[in-house]
Amino acid sequence: MNRRNRIHQLLALVCGLALAGFHDPPPQPLDRRAVLIALEEIRAVQVAPDASYVRRLDRMVVESPTPYLRERALATLTEIAVRRGEAERVVKLLERHAETAEDETVRTSAYAHLDLLRQHFPPERRSTLALSIRGPIAKGATVTLVATLSSTVEPVEEVVVGLDSLHENVELLGKSEVFRIFLKPGEPRDVEFELKLKETGGYTVPVTALVSFGRTDFERLESEGRLLVGESRGSFGDRRVGKGEGLRPVY
């Protein structure tokens with residue numbers, strides 16, 4: 001997907017979020033005139049944003065008298081930033097509102113817009129996930145799938161890593177398929193999953209890790225282990241999901 005199509009898709013999602021929150025008319029406020037004036041200001045900024053659009057809309061997120069107006073200002077702010085290719089200007093602001101806004105509607109909306117921006121304009125990776133295998137890849141054998149995680153920055157509050165799903169011919173041995181660990185920069189950690197290979201064939205083992213750097217700052221890492229199980233031997237590869245990378249032979 002080229003950049004233009006990606007931006008158009010994100011704009012559609014932002015508008016969808018906005019409509020989801022704005023399908024009902026604003027509640028009747030004590031000062032209806034003030035609400036109408038605020039709506040006109042938001043629309044004016046949206047149609048012809050100038051260099052001060054971030055400051056103006058952020059002020060309205062904080063000072064507007066109704067949740068409707070606050071959410072409308074937040075959605076407009078995100079839409080303009082995407083349209084102008086300035087998503088990085090609003091990320092910290094969205095993080096602040098998601099963490100500290102008194103209005104629950106604003107916190108929820110800010111987090112949703114922040115998640116959308118990170119999906120479509122991901123920042124430089126600060127953590128990695130790689131898969132490897134120990135043991136004979138053969139029918140009836142037990143192998144150890146090793147998920148190695150590392151981080152280049154601190155602090156890392158928590159890492160949750162687990163298996164998404166398994167084929168019925170690949171059995172997880174052990175009590176848990178989800179682990180919580182902590183990382184320090186430059187000190188990789190391994191999480192191990194014991195797997196029973198019950199039948200020959202090709203199988204995918206998806207592993208996902210959620211690396212939390214703060215309450216609203218996280219990375220989602222996904223990798224797929226590809227097992228080719230034979231009667232007496234087999235092969236394994238590691239494919240990172242979502243990065244356009246091919247299969248990396250490991251064993």
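Going by the structure above, here's the rest.
Here the structure is a predicted model, which means the values were calculated and not measured. Along every chain, residues carry numbers that run from 1 in the direction the sequence is written. It should be noted that, the model being predicted, local features are given only for residues of pLDDT at least 70 and side-chain atom pairs only at 80 or more, the latter also being counted only at that level, while totals for whole chains, interfaces and linings use all residues. To get the side-chain values, all heavy atoms of the structure are used, and hydrogens and water are removed first.

**Considerations on the nonpolar core**
- Nonpolar core, defined: a set of buried Ala, Val, Leu, Ile, Met, Phe, Trp, Tyr and Cys residues in which side-chain atoms within 4.5 Å join the residues together. Residue exposure (1.4 Å probe, protein chains only): buried if accessible area is under 20% of the type maximum, exposed if over 50%, otherwise partly exposed. Leu 129, Leu 145, Leu 149, Val 159, Val 207 and Leu 227 are the most contacted members of the largest nonpolar core, which totals 29 residues.
- Where helices and strands are cited, they refer to DSSP runs of H or I of at least four residues and of E of at least two residues respectively, numbered from the N terminus. Among the elements of the structure, strand S1 (127-134), strand S2 (142-151), strand S3 (158-163), strand S6 (189-197), strand S7 (201-212) and strand S8 (218-229) are those that each provide at least two residues to this core.
- Broken down by element, the residue count for this core peaks at five residues, all from S7.
- Non-local contacts of Leu 145, meaning those with residues more than four positions away in its chain, are made with Leu 131, Ser 132, Ile 133, Leu 163, Val 191, Glu 192, Phe 193, Leu 195, Val 205, Val 207 and Phe 236.
- Residues Leu 39, Val 54, Leu 57 and Val 82 belong to the second largest nonpolar core, which totals 28 residues. Here, two residues are considered to be in contact whenever any of their heavy atoms come within 4.5 Å of each other.

**Quick look at the sheet that holds S2**
- When DSSP locates at least two bridges between a pair of strands, those strands are taken to pair. Pairing within the open sheet is antiparallel, and its four strands lie in the order S1-S2-S6-S4. Of all strands in the sheet, those bounded by a partner on one side alone are S1 and strand S4 (170-173). The average undirected angle you get between the axes of adjacent strands in this sheet is 30°.
- Where S1 meets S2, eight bridges bridge the pair, whose relative direction is antiparallel. Bridge assignment links Leu 129 to a residue of S2, and that residue is Leu 149. To obtain an axis, a line is fitted to C-alpha atoms, over the contacting stretch when the element is a helix, and the angle between two such axes runs from 0 to 180 degrees between their N-to-C directions.

Nothing here speaks to function; it is all geometry.
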